[in-house]
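Below, each chain spelled out in residue letters.
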Amino acid sequence: MKYRPEIDGLRSIAVIPVILFHGGFTLFSGGFVGVDVFFVISGYLITSIILKGLEDGSFSLMDFYARRCRRILPALFFIILVTLPFAWVWMLPLQFKDHAQSMVAVTVFASNILFWIESGYFAPAAELKPLLHTWSLAVEEQYYVFFPLILMLFWLRSRVVSISLLALIFIASLLAAEWGWRNAPSANFYLLPFRAWELMMGSLTAIWLLRRGADARPNNALSAIGLAMILASIFVYDGETPFPSLYALLPVAGTAMVIAFAGTGTAVASLLSRKAFVGIGLISYSAYLWHQPLFAFARLADSAEPPHWLMATLAVASLGLAVLTWRFVERPFRKPRAGAGRTLIAAGTASVAIGISGAMLSTVEWQRNFFIRTLPDENQPLLARIEQVRSEHAFSLDRPDQCLFVLEDITPDLRDQFDKCAAEHGPAIAILGDSHSRDVFNAVAPLLDRRFAIRIPQKDCRPHILGSVCEIGHVADVIDTFGDDIKHLFYVQAGFWLFLDKNGEELDRLLFGAGRDIENPQLDLAAIDRTLPILQGINADVPVTWIGPRLEPYMFWDEMLGQSCIGVQDHLHLRPGHREAFEALNAHLAQAVPAAGLGFISEMKAVNFDPATEIYSCDQLYWSDSDHWSKAGEDLFGPRLADALNAVLATD
């Protein structure tokens, strides 16, 4: 296969935005699309290699797998081993257990499945996972396992059938992604069936170039448009952009256009073939491997959000380490010193060794014992409480036999249970919203005067997000099916979604993250204005009350364990501007929501949360993370909020 330097240059366009996005540089708010660019490049290169081998009769499946092992595993395993001591020192015991489990998942090409189960790529906890980025390697590795088999079975028999099959996979996967971001966003982000279309785009591009042969002429305009599409997605998209979805066509199609049309003589090929771009492209794999552990450990080492200068330094350091890794690890192993069989045996042995090590470290108590020895004695019960809360996190009250349950799907059994409860207790009380609605339901449902309550997961209906679909889908189906037997619906929305920073950027939880100065946050009035008409539409069928945001404290576990819990009430306080920001949001909603003809409850007023005494103590923890209640928090805050809901229901 002829070397194309512009492809290595394209890799640099992919990896730098990914690094800067993970470093928290908001200018590169869509930097995550660099992974999608990598997928297209991989699809193109792998397909080109396989088809060339099939055409000239030289393709060997064992040789292919051996080459992939030599390309991927040495640098990956090296970085896993180098970063392990830092994880040992800086991680909480349960964090380290998760890290050890991720080591196991990496060795069996399943880290994307593990992180899907743990979920939340854009969540703050994701930033603390040193191996989070290996999810994309797992997707590619799964592709490497299955894709060669498809081409071996069909290509030489019928090219038309082969191309049709790949096109069918492309269409089915793209449709699955468009469905997935609405109904299963975490699975949509992490899993191969929802990402396969991006790899197929690269594969189909390779086939198109192969079939065109000498007729595949470079095109200045189309290659420039393709590069512009990639750059636009990097700077325009952000964490709220549904992804992957039809939105991903912009960088994916743009990458395919660059590959297809940026041939010799085009301005794009000339640009991407410059030494700086090609050099970064050559080390892009190692740079990608290094950046996430560096950023994660910087965040683990200090509860304060690392300053931009430090993250910029680490970004540069990831490139420096990548040069060394490429020179002394990647390059030596790429040269075959043994046959394919011996290479695969060596790769399997190394995988098993690291996997067993990870499994052992995730079960034995060595790191936990080390960590406990570094804690003050009075913080030992607090650590135990943190570990308990972590194991309980995301618990959802679901007691159909007591008429308190979650309407995750409208199944015949749940329909029968709903009808039975309605006949026994009268119309239901419904709680709709994001993850904060789970807290509220857990806390107040057993305390309501009306004994029948349900929680409706939002799924694809996220009213504050531009483009969210609420007129159809799960929420609409629930209202259509059960609306006549729902007495009142309470809507719950986390407050952090409704803020912008002083520059008008959407930072979500990062705006209130540890160590950040809360400087002149703005209300996201557009998000609020998008939400109100959707709730008004529901209100036409069922009375709606918006439960305003809670005061979200953003106190993190490492901060708690880093200081004595004795006398904690004397030094626990919110940062300047924190309370004022949430009070301003609450005040705005208290006027805007009733003006829209909806009910409003101020959760801040009803709960009256006191940060000095109601975040944690030596033997109690009221929050499971930065903004969700623990079980103890639900028990503490629930009765206060239930009184407010019962007061509303008494007037219906």
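Described in the following lines is the structure provided in the data block.

What counts and how
Residues numbered from 1 in each chain as written. Predicted model: local features only at pLDDT ≥ 70, side-chain atom pairs only at ≥ 80, totals over all residues. Heavy atoms only, no water. Disulfide = S-S within 2.5 Å. Axes fitted to C-alpha atoms, helices over the stretch in contact; angles between N-to-C directions. Helix = DSSP H or I, 4+ residues; strand = E, 2+ residues; numbered from the N terminus. Parallel < 35°, antiparallel > 145°, perpendicular 65-115°, else oblique. Contact = heavy atoms within 4.5 Å. Nonpolar A, V, L, I, M, F, W, Y, C, P; charged D, E, K, R; others polar. Expected span 1.5 Å × (residues − 1). Buried < 20%, exposed > 50% of the residue type's maximum accessible area, 1.4 Å probe, protein only. Arc of directions from axis to C-beta. Phe/Tyr/Trp six-rings, centres within 6.5 Å; stacked < 30°, edge-to-face > 60°. Patch = residues over 30% accessible without salt bridge, like charges linked within 9 Å, V, L, I, M, F, W, Y side chains within 5 Å. Areas by Shrake-Rupley, 256 points an atom, 1.4 Å probe, with all protein chains shown as cover. Salt bridge = Lys/Arg side-chain N within 4 Å of Asp/Glu carboxyl O. Lys, Arg positive; Asp, Glu negative; His and termini not counted. Charge placed at Lys NZ, Arg CZ, Asp CG, Glu CD. Pairing = 2+ DSSP bridges. Core = buried A, V, L, I, M, F, W, Y, C linked by side-chain atoms within 4.5 Å.

### A short note on the state of the cysteines
Now for step 1: Throughout the structure, instances matching the rule amount to three disulfides.
Now for step 2: Bridging Cys461 to Cys470, the disulfide has an S-S length of 2.1 Å. One quick way to see it: the torsion about the S-S bond of Cys461 and Cys470 is about 95°, and its sign makes the bridge right-handed.
Now for step 3: In the protein chain, the bonded cysteines, numbered by position in the sequence, are linked as 1-2, 3-4, 5-6.

### Some thoughts on the packing of helix H3 (residues 61-90) against helix H17 (residues 366-373)
Now for step 1: Two elements in contact, H3 and H17, have axes whose closest approach is 8 Å; the angle formed by their N-to-C orientations is 50°. Of the possible angle classes, the one that applies to H3 and H17 is oblique. In this structure, H3 contributes Ala87, Trp88 and Val89 to the contact, and H17 contributes Trp366, Gln367 and Phe370.
Now for step 2: Broken down by class, the residue content of the contact of H3 with H17 amounts to five nonpolar, one polar and no charged.

### Section: helix H18 (residues 380-392)
Now for step 1: In this model H18 runs 19 Å from its N-terminal to its C-terminal C-alpha over 13 residues, within 8% of the 18 Å that 1.5 Å per residue would give.
Now for step 2: Within the sequence span of H18, burial applies to Leu382, Leu383, Ile386, Glu387 and Val389. Along the long axis of H18, the arc covered by the buried residues comes to 160°, so they all point the same way.

### Here we look at unusual backbone geometry
Now for step 1: Look at the link from Phe243 to Pro244: it is a cis peptide, with omega at -10°.
Now for step 2: Position of Pro244 relative to the elements: it lies in the loop between helix H10 (220-236) and helix H11 (249-261).
Now for step 3: The phi angle at Tyr554 is positive, at roughly 55°, despite the residue not being glycine.
Now for step 4: By the element assignment, Tyr554 lies in the loop between strand S7 (544-547) and helix H23 (557-561).
Now for step 5: Take Tyr554: its relative accessible area is 4%, and that puts it in the buried class.
Now for step 6: Positioned with a positive phi, Asn608 is a non-glycine residue whose angle comes to about 50°.
Now for step 7: Position of Asn608 among the secondary structure elements: in the loop between helix H25 (603-607) and strand S9 (616-617).
Now for step 8: Given a relative accessible area of 57%, Asn608 falls into the exposed group.

### Re the environment of Pro543
Now for step 1: Tracing the backbone through its elements, the reader meets Pro543 in the loop between helix H22 (525-539) and S7.
Now for step 2: Measuring from C-alpha to C-alpha, the distance between Pro543 and Asp652 comes to 9.0 Å, with 109 residues separating the pair along the chain.

### So, the packing of aromatic side chains
Now for step 1: Counted under the stated rule, the structure contains 33 aromatic pairs.
Now for step 2: On the numbers, 6.0 Å between centres and 35° between planes, the contact of Phe405 with Phe452 is tilted. With Phe405 in strand S1 (residues 404-406) and Phe452 in the loop between helix H20 (435-444) and strand S3 (453-457), this pair connects stretches of sequence that are 47 residues apart. For the pair formed by Phe405 and Phe452, the shared burial category is buried.
Now for step 3: Ring geometry for Trp623 against Phe637: centres 5.8 Å apart, planes inclined by 55°, an arrangement best described as tilted. Of this pair, Trp623 sits in the loop between strand S10 (620-621) and helix H26 (631-650) while Phe637 is found in helix H26, placing the two residues 14 residues apart along the sequence.

### Let's talk about H22
Now for step 1: Helix length check: H22, at 15 residues, gives a terminal C-alpha distance of 21 Å against a target of 21 Å (1.5 Å per residue), a fit within 8%.
Now for step 2: What H22 keeps buried is the set Ala527, Ile528, Thr531, Leu532, Ile534, Leu535 and Ile538.
Now for step 3: In this fold, the buried residues of H22 make contact with strand S2 (428-433), helix H21 (474-482), strand S4 (486-492), S7 and helix H24 (578-595).

### Observations concerning a positive patch on the surface
Now for step 1: A grouping of Arg327, Arg331, Lys335 and Arg337 is seen on the molecular surface, where their side chains present a positively charged patch.
Now for step 2: Assignment of secondary structure puts Arg331 in helix H15 (residues 308-334).

### A few points about the pattern of salt bridges
Now for step 1: Scanning the entire structure with this criterion turns up 18 salt bridges.
Now for step 2: Where Arg4 meets Glu6, a salt bridge forms, and the shortest distance between an N and an O atom there is 2.6 Å.
Now for step 3: A salt bridge links Glu127 to Arg299; its shortest N-O distance comes to 3.5 Å. Pair noted here: Glu127 is in the loop between helix H5 (111-118) and helix H6 (134-154) and Arg299 is in helix H14 (residues 284-301), with a separation of 172 residues, a long-range link.

### Comments concerning the sheet that holds strand S8 (residues 599-601)
Now for step 1: Reading across from one edge, S1-S3-S2-S4-S7-S8 is the order of the six strands in this open sheet, with parallel pairing throughout. The open sheet has two edge strands with one neighbour each: S1 and S8. Geometrically, the sheet is characterised by an average inter-axis angle of 20° between neighbouring strands, direction not taken into account.
Now for step 2: The pairing of S7 with S8 spans three bridges and is classified as parallel. Residue pairing in the sheet places Ile547 in a bridge with Ile601 of S8.
Now for step 3: Running over the sheet, H21 touches S2, S3 and S4 and is turned about 150° from S3.
Now for step 4: Strand contacts of H22: S2, S4 and S7, with the helix running at about 145° to S7, the strand carrying the most contacts.

### Comments concerning the nonpolar core
Now for step 1: Counting residues in each nonpolar core, the largest one holds 111 residues, and the members touching the most others are Leu10 and Leu76.
Now for step 2: When residues in this core are grouped by element, the largest group, 13 residues, is from helix H2 (residues 33-56).
Now for step 3: In contact with Leu10, other than residues within four places in its own chain, are Val37, Ile41, Ile230, Thr255, Val258, Ile259 and Leu272.

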